[in-house]
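Structural overview
What follows is the residue order along each chain.
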Amino acid sequence: VIPMFIGFLEAQAIVLAWRKLPAPRPLTIDLLQKIITEDLKAVIEKVEIRDVQNGAFLASIFLRTKEGVSIPRDARPSDAIPLALRAGAPIEIGNKVLQRSEFDRENARALLEYLELEANDSEQALYDLEG
C-alpha cells in the first residue's frame, strides 16, 4: 500500500481502466493511448513511479517506437497508471518511493484501522437505537 492522493477524475480513469470498462465518452487517457498506439505505432512498455519530491509523486511512461527506440516521458502517476492499465503494461515502484513511503504506509494502515473501528462503532450505535 502506497497512499497517494489524486483527484476524482483521475481516480475514475484508474478504476475504469483497472476494471476494463469503457467510459461513457472517451477520456483524455483514451485519446492519449490511441495517439501513442494507433497513430504513432508505439508501445507503452511500462510505467515507473520513480520518486517523491515535496510530497508529489513523480512517474515516467516508457514508450517503444516502431523503430525500437525507448523513450521515457515524465508524467503524473494519476495519468500514467490508467495508461499502463489500458495497455496491459507493468507498473513499477522505484526504491526511492518505497523507502520514503514506509512511514506513510504505516499511517495509512492506522487510518484504515481507525475508520474500520469507527464504522463498526456506528453500526453498533444504530443497532442499539433500533434494538
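Since the structure is predicted, the reported quantities are computational estimates derived from the model, not experimental observations. (Residues numbered from 1 in each chain as written. Predicted model: local features only at pLDDT ≥ 70, side-chain atom pairs only at ≥ 80, totals over all residues. Heavy atoms only, no water.)

Comments concerning the pairing of strand 2 (residues 56-64)
Both strand 1 (residues 43-53) and strand 2 contribute to a ladder of nine bridges, which runs antiparallel. Residue pairing across strands places Gln53 opposite Ala56, the latter belonging to strand 2. Remark: two residues form the turn of the hairpin made by strand 1 and strand 2, two consecutive strands paired antiparallel; Asn54 in that turn has positive phi of roughly 55 degrees. Alignment of strand 2 against strand 3 (residues 70-75), held across six bridges, turns out to be antiparallel. The residue of strand 3 that forms the bridge with Leu63 is Ile71. Turn length for the strand 2-strand 3 hairpin, with the two strands adjacent in sequence and antiparallel, is five residues, and the turn residue Gly68 shows positive phi of about 90 degrees. (Pairing = 2+ DSSP bridges. Helix = DSSP H or I, 4+ residues; strand = E, 2+ residues; numbered from the N terminus.)

Things to note about the confidence of the model for the protein
Residues with a pLDDT of 70 or more make up 85% of the protein, whose mean pLDDT is 85. Predicted confidence in the protein is weakest over helix 4 (residues 95-130), with a mean pLDDT of 70, and strongest over strand 3, with 96. (pLDDT = per-residue confidence, 0-100.)

Considering the sheet that holds strand 4 (residues 91-93)
Spatially, 3-2-1-4 is the arrangement adopted by the four strands of the open sheet, whose pairing is mixed. Across the chains shown, the open sheet's two edge strands, defined by having one partner strand only, are strand 3 and strand 4. On average, each strand axis in the sheet is tilted by 25 degrees relative to the strand beside it, whichever way the strands run. (Axes fitted to C-alpha atoms, helices over the stretch in contact; angles between N-to-C directions.)

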